[in-house]
Amino acid sequence: MAKSKSRNLVNLNVNPCKMCMPMGAALAFEGVEDSMVLIHGSQGCSTYIRRHIATHFNEPIDIASSSLSEQGTVYGGAANLVQGLKNVAAIYSPKVIGVLTTCLAETIGEDITHIIKESGVASELKGIDIIPVPTPGYAASEYNGYFVALKKIVAFYAREPKVKTNHINVIVTDLTPADIRELKRILSLFEVEYTIFPDISETLDAPYKKGFDIKTEGGTTKSQLRRMSAAIATIEFGWMTPLGLSPGRYLEETFDVPLYSCPLPIGLNGTDLFLEAISKIYDKQIPVELKKARGRMLDAMIDSHKLNREGRAVIYGNPELIYAVSNLCIENGIEPVVIATGTDTNPLVEQLDQQLSRYRYNPIILKDCDFESIQEIAVEQKTNLLIGNSDGKFIKEKEDIPLVRIGFPIHDNIGASRQLYIGYEGSLRFLDLITNTLIDKKHEAYRDKMYNKYFVN
Amino acid sequence: MPQNINKAVEKVLDAYPAKVMKNRKSHMVIRETEKIQEIDANTRTIPGIITNRGCAYAGCKGVVIGPIIDMVHIVHGPIGCAYYTWGTRRNKGKTREGGQNFLEYSFCTDLGESDIVFGGEKKLIKAIDEAVALFHPKAISISATCPVGLIGDDIHQVAKQATKEYGIPVLSFSCEGYKGVSQSAGHHIANNKLMSEVIGKNEAYEAKAYSINMLGEYNIGGDEWEISRVMNKIGYHVITSMTGNSVYDEIAAAHKADLNIVQCHRSINYIAEMIEKKYGLPWIKVNFIGIASMSKSLRDMAKYFGDEELINRTEQVIAEEIAEIEEDITHYKKMCEGKTAMLFVGGSRAHHYQGLLKELGMETILAGYQFGHRDDYEGRDVIPNIKLDADSRNIEEIKVEKDQDNYQLRISEEKYKQLQEEIPLGNYKGMISEMGDGTVVIDDLNHFETEQFVKALKPDMFGSGIKDKYMVQKMGVYSKQIHSYDYAGPYAGFRGAVNFARDIAAGMNTSAWKYIISPWKKEPIITGKMGVDQVC
């Protein structure tokens, strides 16, 4: 049984393990073709969010702001919002504009849906879909903001389908552009039609080309979004997603599109579940190439298990990601000693309990936590491996515990968008990285340690 | 070139809706050196334009207060703003002996929905209690984010109470993000409080001879350390910098110095003025970026003190330092010579870096500030003519008076006047006056304009920040972060100049630029015959 805890200090969050809702929502829109985001609030929100997404992906991030000043705060920000939308349309002419709110806009009670409708700006800017997504920064973390935006986008385009199609929707979270390219490869091997939403494979990892255009290519297209309600099924990597936020569930309840909720396809079991779902939906065999990849992963797992058993890991990040990474660790004998998220989530504890009850592991599960708590427990529990985003670097530096990076943001290493974590191939690369980190750490000192333990004493 | 620039400016303005066009036009100047030219600055950002500006909170907590290393800086508000300012400006700080260092921390009251509805004051009070119990800091700051003022939390009252209860200074800053028009408002809010509640409070401090304060230096990438190294070598004693690598007690002793040197004019010039008024301590504008600027600033300082030995020592150190770097600079200059740059940074650096680039043989063809005011562009003479708009008027102005106990005229009025002729004593001439004919000055350059001007002017280097960096590089132009230095530095001072030269020489000449056009798009490059001459 896992022990569930919250952070050490009740009123003070020390070194946050979460961001705010508009961040998640902005990331969601990055995967929609020819879209831009306008954040209704103080311009600092756009600036901070741009800065953090840019350092992770090393790509231009174009997010506008309604630049609310004191006047707008006192008299209402409708004029700023409308002018902002018109300027974005005039200067950048995107096809889709996602409008997000902020702590400021929500505290002064701005109803963006109402403003957009009543001001007539939506009809004035013909050809541009304006999608309002209320994302009060204080309401929840970026994890929730992401799903809130996904659901709003899906709902914006979904119509009662005239005919059902034979494609599946794959709704994703926490994936890198390289992961999404791998996802496409896997789906192509099955020879099925699909809509991946959101698709950041090109938008946030754009190839260099001569003749720069401010519009990035790629992303889930409007027509793909429109046909989501006609799909044969939805696979959603939303094992931890609160039911009310799940776009897959919305499609199921409203348009009878069956929902297959899966954990992220990280690890052998995680990937198996995903492939089984496709196989079941289409009544198709698992492609030979994928079977071979599974065999190779298994072969490698057998080779490295003796090294992995020394791992005592701290796994932190978004609920979905840490659930999948915990499973990868468990499969390979790496003990998840601390599993932590800054998000307040109940499904995580419940689901992990089920998984863990089959093993001897009793990890400490931290939800709604901060890095100060993670650090304390990481030391107390004598852990030797951190798995998560760059924010663990302070623990790494202070406590000399190696850090294997996954998640968002990764800004102290380069190449976050090229990392592959999913499928048998990606999982194996990631596993090797973990194993090699443990080996390196061990080799730094093991001769001395051994000598002291067995000879000197 | 000027014709080209005229066209580029016209093209940008033509693309705007009429109202936007009128506004943006007043923020652009094509330099004509025989004219006195005006520029609009520090005005409201146009909504939707994709500005690179930040907010008042960023200027207050992120820039000015955050770098003070032995204070616990509590962000009062929801989590995002605390997360986004966690260690992001790369201000370095060395822990003083027996002191504390919280630079790697981020503290937040993490307000949730119910706090927004019912108020967050109680949570703040408890958070301070927890911070004191766990970290025992020397002092605490509270920075307000957007919702705090709106929900009626009285952070100043909480701070007052906490100061009483715990016996440590607790400073509160009403730096809600929507205040002012950019981070500049936040600098002002932060510095006002340092002026009214911190500076002058350390009575016990015993200042040594040639004591100075380094104002508007934030120790990004270790700049302050490199400058201080040279200062120490000459014989100066830096009491405090404001606020890079600073600690509370040292800032509190700032009034004991003999001279304030101002690096970033924008963020702190009014404090320099207030310190002068209150304590009789004059300031000079310095620029530590580039060899000539650094040398000149050191000479100006020596001239202010007027001590023969100090003047000689200054010359000796300058000569030593230049000898040490000369060879490297010559080497990198060969790689930079003849290239052009565009600079869009802050409220000072777009000016400061022009000299260093010139020394490397490069011309700055466009420069602009993100949050500068007219005096940063046009010089301090323009200050009486600046019309305050509603946003600036809402930022509290504090008034200082002569401190009867601590006021001490450092130099006579006569000497002051005489020195003003020779050195920038209490004066700054701004960026524009140093820019040549046909160069462009643009205030609050936005995303669209960046794209257009980079395409039109084709610079070899674009010096700016992370938000525009990748767009510029996608256009085939090397982009150097002049805010965070791309995790490098120091760039200030003599040794810093070499670091900068090395980094930009590498950046502009990286082989990758040569591969942009793939070989199959050019003439065939392999001309060997198939099947024969297979050696190796």
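A brief report on the enclosed structure follows. (Residues numbered from 1 in each chain as written. Chains lettered and ligands numbered in written order. Predicted model: local features only at pLDDT ≥ 70, side-chain atom pairs only at ≥ 80, totals over all residues. Heavy atoms only, no water.)

Another aspect to go through is the overall build of chain A. When its secondary structure is counted, chain A shows 18 helices and 15 strands. Taken along its principal axes, the extent of the C-alpha atoms in chain A is 80 × 55 × 45 Å. Here the contacts in chain A between residues at least 6 apart in sequence split such that 76% fall between residues at least 24 apart. For chain A, the accessible surface area stands at approximately 17300 Å², while carbon and sulfur atoms represent 50% of it. Seen as two clouds, the 49 positive and the 56 negative side-chain charges of chain A have centres 2 Å apart. (Helix = DSSP H or I, 4+ residues; strand = E, 2+ residues; numbered from the N terminus. Contact = heavy atoms within 4.5 Å. Areas by Shrake-Rupley, 256 points an atom, 1.4 Å probe, with all protein chains shown as cover. Lys, Arg positive; Asp, Glu negative; His and termini not counted. Charge placed at Lys NZ, Arg CZ, Asp CG, Glu CD.)

Let's shift gears to the environment of Gly-248 of chain A. Residues and elements named next belong to chain A. As for its placement among the helices and strands, Gly-248 is situated in helix α11 (residues 247–255). A C-alpha to C-alpha distance of 9.0 Å links Gly-248 and Ala-233, two positions 15 residues apart in sequence. Those residues in contact with Gly-248 that sit more than four places away from it in its chain are Ile-171, Thr-234, Glu-236 and Leu-259.

Moving on to the interface of chain B and chain A. Accessible area lost upon the coming together of the parts is a frequently used measure of interface size. Contacts between the two partners involve 72 residues from chain B, matched on the other side by 69 residues from chain A. In this assembly, chain B packs against chain A so that about 6300 Å² is buried in total across both faces, 62% of it on carbon and sulfur atoms. By the criterion of area lost to chain A, the three top residues of chain B are Tyr-83, Tyr-84 and Lys-474 of chain B, representing 14% of everything that side buries. At the surface where chain B touches chain A, the tally comes to 3 salt bridges. Here Lys-398 of chain A and Glu-104 of chain B are joined by a salt bridge, their closest N and O atoms 3.6 Å apart. Counting across the interface, chain B meets chain A through 31 residue pairs in polar contact (both at pLDDT 80 or more). When residues of the side of chain B that touches chain A are traced back to their parent elements, those giving at least two are α3 (56–65), α4 (79–84), β3 (107–108), α5 (113–118), α6 (121–135), α7 (146–150), α19 (447–457) and α20 (466–474) of chain B. At 7 residues, α6 of chain B tops the list of elements feeding residues into the side of chain B that touches chain A. Taken together, the residues of the side of chain B that touches chain A sort by class into 40 nonpolar, 18 polar and 14 charged. (Buried area = accessible area lost by both parts, 1.4 Å probe. Salt bridge = Lys/Arg side-chain N within 4 Å of Asp/Glu carboxyl O. Polar contact = N/O pair within 3.5 Å; in protein donor to acceptor, adjacent residues only side chain to side chain. Nonpolar A, V, L, I, M, F, W, Y, C, P; charged D, E, K, R; others polar.)

Residues and elements named next belong to chain A. Residue placement: Lys-393 occurs in helix α17 (residues 393–399). For the buried Lys-393, no salt bridge is present, and the opposite-charge side chain at shortest range is Asp-412, 5.2 Å distant. Those residues within four positions of Lys-393 in sequence are excluded, and the remaining contacts are Leu-403, His-411 and Asp-412. (Buried < 20%, exposed > 50% of the residue type's maximum accessible area, 1.4 Å probe, protein only.)

Taken in spatial order, the 5 strands line up as β2(A)-β3(B)-β2(B)-β4(B)-β5(B) in an open sheet, and their pairing is mixed. Because the sheet does not close on itself, it has two edges, and the strands there are β2 (13–14) of chain A together with β5 (170–173) of chain B. As paired strands, β2 of chain A and β3 of chain B are joined by 2 bridges and run antiparallel to one another. Note that in β3 of chain B the partner of Val-14 of chain A across the bridge is Phe-107 of chain B. (Pairing = 2+ DSSP bridges.)

As a further point, take helix α16 (residues 371–380) of chain A. All names here are of chain A. Most of α16 sits out of view: 7 of its 10 residues are buried. Phe-371, Glu-372, Ser-373, Ile-374, Gln-375, Ile-377 and Ala-378 are the residues of α16 that are buried. After α16 finishes, the residue Lys-382 shows a positive phi value of roughly 50 degrees.

Once that is clear, we can look at the packing of aromatic side chains. When we look at a pair of aromatic rings, we describe it by the centre distance and by the angle of the planes. Residue and element names in this part refer to chain B. Per the stated rule, a full pass over the model turns up 29 aromatic pairs over all chains. Judged by centre distance (5.5 Å) and plane angle (75 degrees), the rings of Tyr-105 and Phe-135 are edge-to-face. You can see Tyr-105 sitting in the loop between α4 and β3 and its partner Phe-135 sitting in helix α6, a full 30 residues away along the chain. Among the residues examined, Tyr-105 registers a relative accessible area of 22% and is labelled partly exposed. Classification of Phe-135 by relative accessible area gives buried; the value is 9%. Taken together, a centroid distance of 5.2 Å and an interplanar angle of 75 degrees make the contact between Tyr-491 and Phe-500 edge-to-face. Owing to a relative accessible area of 0%, Tyr-491 belongs among the buried residues under this scheme. (Phe/Tyr/Trp six-rings, centres within 6.5 Å; stacked < 30°, edge-to-face > 60°.)

Quick look at the pattern of salt bridges now. Considering all chains together, one arrives at 48 salt bridges over all chains under this definition. With a closest N to O distance of 3.1 Å, Lys-222 of chain A and Asp-129 of chain A form a salt bridge. Here Asp-129 of chain A lies in strand β6 (residues 129–133) and Lys-222 of chain A lies in helix α10 (residues 222–226), a separation of 93 residues in the sequence. Just as Lys-222 of chain A is buried, Asp-129 of chain A falls in that class too. Notably, a salt bridge pairs Arg-374 of chain B with Glu-38 of chain B, separated by 3.8 Å at the nearest N-O pair. Of the two residues, Arg-374 of chain B sits in helix α16 (residues 374–378) while Glu-38 of chain B sits in the loop between β1 (28–30) and α3, which places them 336 residues apart along the sequence. Since its relative accessible area comes to 12%, Arg-374 of chain B is described here as buried. With relative accessibility at 57%, the residue Glu-38 of chain B sits in the exposed group. If you follow the salt bridges from partner to partner, you end up with Glu-226, Arg-229, Lys-233, Glu-320 and Glu-321 of chain B in one network.

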